[in-house]
Structures are given as structure tokens and as C-alpha cells.
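# Structural overview
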Amino acid sequence: MRITAWLAVVAVTLLAACTSEPEIRVRGERFNDEQLALGEQLYIQNCAACHGVNGEGQFPNAPLQPDATGRLGAPPHNATGHTWHHGDGLLIRYVLEGGVSLTDPANFYPMPAFGDQLSETDIMTIIAYIKTMWTDEQRTRQQQVTEAEASE
Ligand code: HEC
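Notes on the structure in this doc start here. (Residues numbered from 1 in each chain as written. Predicted model: local features only at pLDDT ≥ 70, side-chain atom pairs only at ≥ 80, totals over all residues.)

### Remarks on the overall build of the chain
Our working rule: By definition, any uninterrupted DSSP run of H or I lasting at least four residues is a helix, any uninterrupted run of E lasting at least two residues is a strand, and each is numbered from the N terminus. Exposed residues have 12 or fewer other C-beta atoms within 10 Å of their own C-beta, buried residues have 20 or more, and residues in between are partly exposed; the C-beta atoms are placed from the backbone. In this description, any two residues whose backbone-derived C-beta atoms lie within 7 Å of each other are considered to be in contact.
A count of helices and strands for the chain gives 6 helices and 2 strands. Order of helices (α) and strands (β) in the chain, N terminus to C terminus: α-β-β-α-α-α-α-α. Projected onto the principal axes, the alpha-carbon positions of the chain cover approximately 70 × 35 × 30 Å. With 152 residues in all, the chain has 26% of them scored as buried. A separation of at least 24 residues holds for 60% of the contacts in the chain among residues at least 6 apart in sequence.

### Description of the nonpolar core
Selection rule: Nonpolar cores are built from buried Ala, Val, Leu, Ile, Met, Phe, Trp, Tyr and Cys residues. These are joined into a set through C-beta atoms within 7 Å.
Grouped together as the largest cluster of nonpolar side chains are 20 residues, with contacts concentrated most on Ile126, Ile127, Ala128 and Ile130. Elements with a contribution of two residues or more to this core: β1 (24-26), α4 (88-97) and α5 (120-131). Considering every element that reaches this core, the biggest residue donor is α5, with 7 residues. Setting aside chain neighbours within four positions, we find isoleucine 130 in contact with Tyr43, Gly55, His77 and Thr83.

### Points about the site of the ligand
Short version of the rule: What makes a residue near a molecule or strand is its C-beta atom, placed from the backbone, lying within 6 Å of it. Gly is put with the polar residues, along with every residue not named as nonpolar or charged; the nonpolar set is Ala, Val, Leu, Ile, Met, Phe, Trp, Tyr, Cys and Pro, and the charged set is Asp, Glu, Lys and Arg.
Residues in close proximity to the ligand total 23 residues, the closest being Cys47, Cys50, Thr83, Gly99 and Met111. Broken down by secondary-structure element, the contributors of at least two residues to the shell around the ligand are α3 (48-51) and α4. Looking at side-chain class alone, the shell around the ligand contains 14 nonpolar, 9 polar and no charged residues.

### Here we look at the environment of aspartate 67
Mapped onto the fold, aspartate 67 is located in the loop between α3 and α4. By C-beta crowding, aspartate 67 is classed as exposed, having 12 other C-beta atoms within 10 Å. Taking C-alpha positions, aspartate 67 is 9.9 Å from phenylalanine 108, a pair spaced 41 residues apart along the chain. Setting aside residues up to four positions removed in sequence, aspartate 67 forms contacts with Phe59 and Gly73.

### Remarks on unusual backbone geometry
Positioned with a positive phi, arginine 27 is a non-glycine residue whose angle comes to about 50°. If you trace the backbone, arginine 27 turns up in the loop between β1 and β2 (29-31).

Okay, here's the thing in C-alpha cells:
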């Protein structure tokens, strides 16, 4: 009997874990549904033109291949991309300063700097929304990268 009760508790806990929304954090700060909805709006207004409405990237058919000019377009931010390989600190810096500070303009189309238009809180809110496009595993991995980055 005891074991049955215990199994019931496990089953209910597992069910709750499967049905609840993932917890989204940026630099340790939790983002709720309302903030994520704002993040989606800001993403559509500022980022979607290049990175795609659903984060599919500028050239969704060959997102990580250079085009005829030898340059890469805006990469996907969704689960097919590699945005989740970067920690929160680097992602925030990328958006504040633009890609030119971090990548060679000969190999990439320019990623503009948003430091003059968006606050750091806005940028964190957008990144929180981008995280909703990833798998649980990608979010967990990216969280580890962020923690390693923060302790550097
Ligand atoms: C004018 C087109 C354009 C807009 C608008 C734009 N990006 Fe980008 N973005 C790019 C390009 C091109 C790259 C790749 C070149 C590079 O890394 O410098 C890039 C790279 C990035 C990267 C680094 C690569 C990665 O996947 O980790 C991040 C993060 C990023 N963008 C986030 C954003 C966010 C957030 C917004 C909206 C606030 C935005 N971008 C708006 C063109 C754009």
C-alpha cells in the first residue's frame, strides 16, 4: 500500500512537471508570462525583420551557410540555431553593442547595436522571450554556460 501511495505522488509530480510552463530566467532573474508577452512584442518590433518572426533566421533554408557574397545572414534564434550556446552576458552585450564589436564584418551581414534604442531591461526581456523558442535541454545547457560565464 505504501508503495502505491508513493507511486501516486511520483506520478502526480511528474505530471505537474510536464504540464507546467518552463521557468525562464535571464541572469538569474525570473520572467513571468506578462513579461514574456512584452518580450515577444519587442522582438517583433526590433529583431524579427532579420531574425524571422519565429526566430527562423534570415535565410531559413540555409541559415548557417554563407550566401554568394560570402557572408552569413542573421542566424536563427530558435531551437535550430546556436544562440543557446552563448551565456546571457554575451547575448546582452551582442545586442547592446552590435555584432561589429564581436565578429568580422567581412564574414557577416551587420547586426546593429541597440544600446541607444533599448534599455538593458528591454534586451533581457527579449532574450527571455527568445529562450521560449528553445527545448528544455537547450535552456538547461545555456543556464550552465551562463553560470560558468558569471564566475569567470
Ligand atoms: C538588420 C538586421 C538585424 C536586426 C534588426 C537584428 N539582428 Fe541580430 N544579427 C544580425 C546578423 C546579420 C547577425 C550575425 C552577424 C553577427 O553575429 O555579427 C546577428 C547576430 C545576432 C546575435 C548573435 C548570434 C546568436 O544567435 O547568438 C544575437 C544574440 C542577436 N543577433 C540578437 C538580436 C536581437 C535580440 C535583435 C533585436 C533587438 C536583433 N538581433 C536584431 C542581424 C540583425
